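A closer look at the structure
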Amino acid sequence: MKKLRLLLPLLIALAAAPATAQTSDTASAAAPVRNQAAREAFLDRLMQRMTVDEKIGQLRLVSVPAGANPDKPRLLADIRAGRAGAIFNTVTPHDIRVLQDAAMQSRLKIPLFFAYDVIHGQRTIFPIGMGLASTWNMDAIRQTGRISAIEASADGLDMTWSPMVDISRDPRWGRTSEGFGEDTYLTSRIGAALVRAYQGDDPAARGSIMAVVKHFAAYGAVEGGRDYNTVDMSPQRLFQDYLPPYKAAVDAGAAGVMIALNALNGVPATGDKWLLQDVLRKQWGFKGITISDHGAILEMIKHGVAADGRDASRLAITAGADMSMSDTMYGENLRPLLDSGRVRMADIDRATRDVLRVKYDLGLFQDAYRRIGSPQDDPPDINAESRLHRGAARSVARESLVLLKNQGDALPLKKQGTIAVIGPLAKSQRDIMGNWSAAGQADQAVSVFQGMANALGDRARLLYAKGANVIDDPEIVKYLNLYEQDVEVDPRTPAQLVDEAVATARQADVVVAVVGESQGMAHEASSRTDIVLPESQARLLRALKATGKPLVLVLMNGRPLSLVWESENADAMLETWFAGTEGGNAIADVLFGDYNPSGKLPMTFPRSVGQIPLYYNHLNTGRPFDPQNPDKYTSRYFDAPNGPLFPFGYGLSYTTFGVSDVTLSRTSMPRGGKVEASVTVTNTGTRDGATVVQLYIQDPVASISRPVKELKHFQKVLLKAGESRQVSFTIDEKDLSFYNAQLQYGAEPGLFNVYIGLDSQDVKRGSFTLR
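Residues numbered from 1 in each chain as written. Predicted model: local features only at pLDDT ≥ 70, side-chain atom pairs only at ≥ 80, totals over all residues. Heavy atoms only, no water.

Further remarks concern the overall build of the chain. Of regular secondary structure, the chain possesses 24 helices and 27 strands. Here the C-alpha radius of gyration of the chain, 26 Å, is about what a compact globule of 771 residues would show, namely 28 Å. Seen through its principal axes, the chain has C-alpha atoms that stretch 75 × 65 × 45 Å. Residue burial in the chain is summarised as follows: out of 771 residues, 63% are buried. Intrachain contacts of the chain at a sequence separation of at least 6 include 79% that bridge at least 24 residues. For the chain, the exposed area adds up to about 27,900 Å²; of that, 50% sits on carbon and sulfur atoms. Between the centroid of the 85 positive side chains of the chain and the centroid of its 86 negative side chains there is a distance of 3 Å. (Helix = DSSP H or I, 4+ residues; strand = E, 2+ residues; numbered from the N terminus. Rg over C-alpha atoms; globule rule 2.2 N^0.38 Å. Buried < 20%, exposed > 50% of the residue type's maximum accessible area, 1.4 Å probe, protein only. Contact = heavy atoms within 4.5 Å. Areas by Shrake-Rupley, 256 points an atom, 1.4 Å probe, with all protein chains shown as cover. Lys, Arg positive; Asp, Glu negative; His and termini not counted. Charge placed at Lys NZ, Arg CZ, Asp CG, Glu CD.)

Another point: the packing of aromatic side chains. Taken as a whole, this structure holds 20 aromatic pairs when the rule is applied. Ring centres of F88 and W161 lie 5.7 Å apart, and the angle between their planes is 75 degrees; this geometry places the pair in the edge-to-face category. Here F88 is found in strand β2 (residues 86–88), whereas its partner W161 is found in the loop between β4 (159–160) and α9 (184–199), with 73 residues between them in sequence. W161 matches F88 in its accessibility class, with the two residues each being buried. (Phe/Tyr/Trp six-rings, centres within 6.5 Å; stacked < 30°, edge-to-face > 60°.)

As a volume, the second largest pocket reaches approximately 1,200 Å³. Lining the second largest pocket are 33 residues, and of these L614, H618, F625, G643 and P644 sit closest to its centre. Across the lining of the second largest pocket, the residue classes break down as 18 nonpolar, 12 polar and three charged. (1 Å grid on protein atoms, 1.4 Å probe; cavity = no way out; pocket = protein on both sides within 12 Å on 5 of 7 lines; lining within 4 Å. Points joined across faces, edges and corners; volume = space filled by probe spheres on them. Nonpolar A, V, L, I, M, F, W, Y, C, P; charged D, E, K, R; others polar.)

This next bit is on unusual backbone geometry. Only a minority of non-glycine residues have a phi that is not negative, and only a minority of peptide bonds are not trans. The omega torsion of the bond from S162 to P163 falls at 5 degrees, within 30 degrees of zero and hence cis. Mapped onto the elements, P163 comes out in the loop between β4 and α9. Cis geometry is found at the peptide bond from L411 to P412, where omega equals 0 degrees. By secondary structure assignment, the location of P412 is in the loop between β11 (402–406) and β12 (418–422). Within the chain, S326 stands out as a residue other than glycine whose phi angle is a positive 60 degrees. For S326, a relative accessible area of 25% puts it in the partly exposed group.

Under the counting rule described, the total for this entry stands at 49 salt bridges. In this structure, the salt-bridge partner of R107 is E54, at a minimum N-O distance of 2.7 Å. Of this pair, R107 sits in the loop between α6 (93–103) and β3 (113–116) while E54 sits in helix α4 (residues 52–58); the two residues are 53 residues apart in sequence, bridging distant segments of the chain. Within this structure, R39, E40, D44, R281, D322, R344, D347, R350, R353, D354, R357 and D361 form a network of salt bridges that share partners. (Salt bridge = Lys/Arg side-chain N within 4 Å of Asp/Glu carboxyl O.)

Right, let's get into helix α5 (residues 72–80). Within α5 the residues assigned to the buried category are L75, L76, D78 and I79. The buried residues of α5 occupy an angular sector of 160 degrees when the element is viewed end-on, so they sit on one face. In α5, the exposed residues that point more than 90 degrees away from the buried face are P73 and R74. Tucked into the core, α5 has its buried residues touching β1 (60–63), β2 and α6. Immediately downstream of α5, the backbone of G82 shows phi near 75 degrees, a positive value. (Arc of directions from axis to C-beta.)

This part is about the UniProt feature "domain: Fibronectin type III-like" (unreviewed entry) in the chain. When the UniProt feature table is mapped onto this chain numbering, "domain: Fibronectin type III-like" (unreviewed entry) sits at residues 691–760. Spanning residues 691–760, this segment combines 0% helix with 56% strand, and its end C-alpha atoms are found 13 Å apart. (UniProt positions renumbered as here; feature names shortened; annotations may be inferred.)

The next point concerns the domain arrangement of the chain. Size of an interface: often given as the accessible area lost when the parts come together. The domain boundaries assigned to the chain delineate domain 1 (124–362), domain 2 (402–598) and domain 3 (657–770). Here domain 1 and domain 2 have C-alpha centroids that lie 34 Å from each other. With 20 residues of domain 1 at the contact, the number on the domain 2 side is 25 residues. Both faces combined, the contact of domain 1 with domain 2 buries some 1,700 Å², and carbon together with sulfur accounts for 58% of it. (Domains from an automatic or database assignment. Buried area = accessible area lost by both parts, 1.4 Å probe.)

For the rest of this paragraph, the subject is the sheet that holds strand β26 (residues 750–757). One open sheet holds the five strands; their spatial order is β19-β27-β26-β21-β22, and the pairing between them is mixed. Both outer strands of the open sheet, β19 (668–669) and β22 (710–719), are each paired with one neighbouring strand and no more. (Pairing = 2+ DSSP bridges.)

Looking now at the pairing of strand β14 (residues 510–516). The buried fraction of β14 amounts to seven of the seven residues, a majority that puts the element mostly inside the structure. Burial along β14 is two-sided: V510, V512, V514 and G516 facing one way and V511, A513 and V515 facing the other are all buried. Across six bridges, the pairing between β14 and strand β15 (residues 551–556) is parallel. Bridging from a neighbouring strand, G516 pairs with M556 of β15.

Moving on: the pairing of β1. Going residue by residue along β1, you find R60 and V62 tucked away on one face and L61 and S63 tucked away on the opposite face as well. With two bridges joining them, β1 and strand β10 (residues 324–325) adopt parallel strand pairing. Note that in β10 the partner of R60 across the bridge is S324. As defined by bridge partners, β1 adjoins β2 across three bridges and the pair is classed as parallel. In the strand pairing of β2, S63 is matched with F88.

What follows concerns the sheet that holds strand β6 (residues 256–259). Each strand in a sheet pairs with its neighbour through backbone hydrogen bonds, running either in the same direction (parallel) or in the opposite one (antiparallel). Reading across from one edge, β9-β6-β5-β4-β3-β2-β1-β10 is the order of the eight strands in this open sheet, with parallel pairing throughout. If you trace the sheet from one side to the other, it starts and ends with β9 (289–291) and β10, each paired once. The sheet contact formed by β6 and β9 spans three bridges and is parallel. Note on β9: the bridge partner recorded for V257 is T290. Across the face of the sheet, helix α11 (residues 244–251) comes into contact with β5 (210–216) and β6 while running at roughly 165 degrees to β5. (Axes fitted to C-alpha atoms, helices over the stretch in contact; angles between N-to-C directions.)

Further remarks concern the packing of helix α10 (residues 235–242) against α11. At a closest axis distance of 6 Å, the pairing of α10 and α11 adopts a crossing angle of 45 degrees. Relative to α11, α10 is oriented oblique. Across from L238, F239, Q240, D241 and Y242 in α10, the residues of α11 making contact are P244, P245 and Y246. Residue composition of the contact of α10 with α11, grouped by class: six nonpolar, one polar and one charged. (Parallel < 35°, antiparallel > 145°, perpendicular 65-115°, else oblique.)

In terms of nonpolar packing, the biggest core is built from 128 residues, with F113, W161 and F216 touching the most fellow members. When residues of this core are assigned to domains, at least three map to each of domain 1 (124–362) and domain 3 (657–770). With residues up to four places along the chain from it excluded, the contact list for F216 reads L243, Y246, V257, M258, I259, A260, A269, L275, L276, L280 and W284. By size, the runner-up hydrophobic cluster in this structure holds 75 residues, among which are A420, V510, L555 and A588. (Core = buried A, V, L, I, M, F, W, Y, C linked by side-chain atoms within 4.5 Å.)

The full count for this structure, using the stated rule, is four cavities of 30 Å³ or more. Taken as a whole, the second largest cavity encloses approximately 100 Å³ of empty space. As for the second largest cavity, its lining consists of 13 residues, of which Q58, I79, G82, S106 and I110 are closest to the centre. Each residue belonging to the lining of the second largest cavity can be placed in one class, and the counts come to seven nonpolar, three polar and three charged.

Next comes the structure, spelled out in structure tokens:
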């Protein structure tokens, strides 16, 4: 971090340099407030009327405990006294109205805003982040964000803690499930698309909510994949790989930034002035609100940089953390810090103004109840079926499914005969929604078994056996069930469960095994030391394989798993992640061939945990491993095959595709010029289908070592059987640019390789030079 701070003047001078390539999703920010002068004049007048304690009150974001709240009278008293600025964890219009009523009884009647974790849906639950990323379809992703905003706004919410754009290259990290994978460009595109979808053309409009991008910064790079752990990385890697997605969200108009829980190069992000002011505010020009993560200010004591709560509050407010989420640090300590001269009034005023500006932009000063509405507007049934958007949920979920293997055309299944559906997740409605499922109701979700039953009707016989518990280890079950009932344990012995499953399988023509993780196993505070299927499920699969029946695996999981045995022994494998409210119907659509799968992996699947971190856009070494000529003295493991089990960008279809050689419009590109790269893609199979054409760039000789390839463009194309189409991409100088050893951003002249294909390994190459 010392090196970064020494380079601060240079970084500020480079403020105009983009942290990532601009795209159609990031080209312009959300619509600005139409009269900023009027807004600032209003805020001037309001702040002149506010007492110091009222200003400090605006900086408190109170987290309301789930369920019955024994301290509600105290909370209401705090709100009436102006000692709260916003509320987290209240999600129904009636409850929100009660709290806003209290704010309207305060001296200055400053409204509250209400925020929640609307990550992949509010009431209609869409696929988890990894599933959304697997669609590679920005229109579909924007649709999920727009529907999420409409549903959340109808529930009275003003703000979401989303998108989560932390780059993750370690699948042991439980929050991998929440993000969009390992790639900077793909994640940047998705993050920007969601910001614009949430906020719409006017964040103040009913049906829009404000986006808070998280977790700033580099939370996905925690050491060992262990949640809340520290991050230590070079300035080049930080600016090259990890910061661009946050920058893309800010450029798209994100109203807020949630600060990460981790320390970055020894400095907790919550108290990192360089990160929150020099980079975010000065270099990137961010004008919105910064919010600590849950209890993070107090946690700086345990990080070892603050002596006590007062010291932690001083570090946070002076660094630029506007709001304190779910701790009492600001409320208890800012006034004494101000009185003692350890905090300036200017720091408190700056943070207060940021909070009030967001409330103004949300339209809350014009109408504190604009999203909540009046009591007569409340839906008679908050969980009514009519409030869901099932059609969109099913459509997006189908696109999120990734076909990993299909030996001998085991899929699609025929709608006839007898099919055994076996596995601990086959009938789970809770797990198919995934983690961070907001206000989604499990009893409204469609399980895999139910989805298959819906598809079959009376045309085939469908059998079921649980076969195993998700996991047998009682200590792990106890951990997972600590705060909510995540794992239901069948009291039968493992042998009894397997015996029933085997007997069921023997009656069937084909076995569909639904296995993986419970949603709580791939969540915050759910990091794993290994990423294999739990032994209870592995034992089940071995027994099912021994029956000799065709074996189709339906995987439900929130992270890449090590699936070597499974890939060698299953006839087909379908990665479904956690597919959401309509997940079961969407999975059935693909299993029975009513929809041709087109999903592509947003994250590399390693063969074993020992390969981690394993990601496609790695740097070469002086002795790179060559699988065609596997020499001993190269960068490799000797005890297992090298390379991934399934590479980034990979995914099969029920048809096949061919890609021609790369054609370039020119072999030499001048500064400021462009090169058109084209291929002809042909559907060489017998079914209509979609695939994702991916373009990667390599800078083979540069002033610092550059990745073996980097994703720069992609297009999803739908082709009829036998159809060919030319797919073209425009490459410009920004696609070739990077941060050099002095953190100067730009493109260096020389040769560049262009790779185009259907995943990060299966590519065709062309080359040109930048003059």
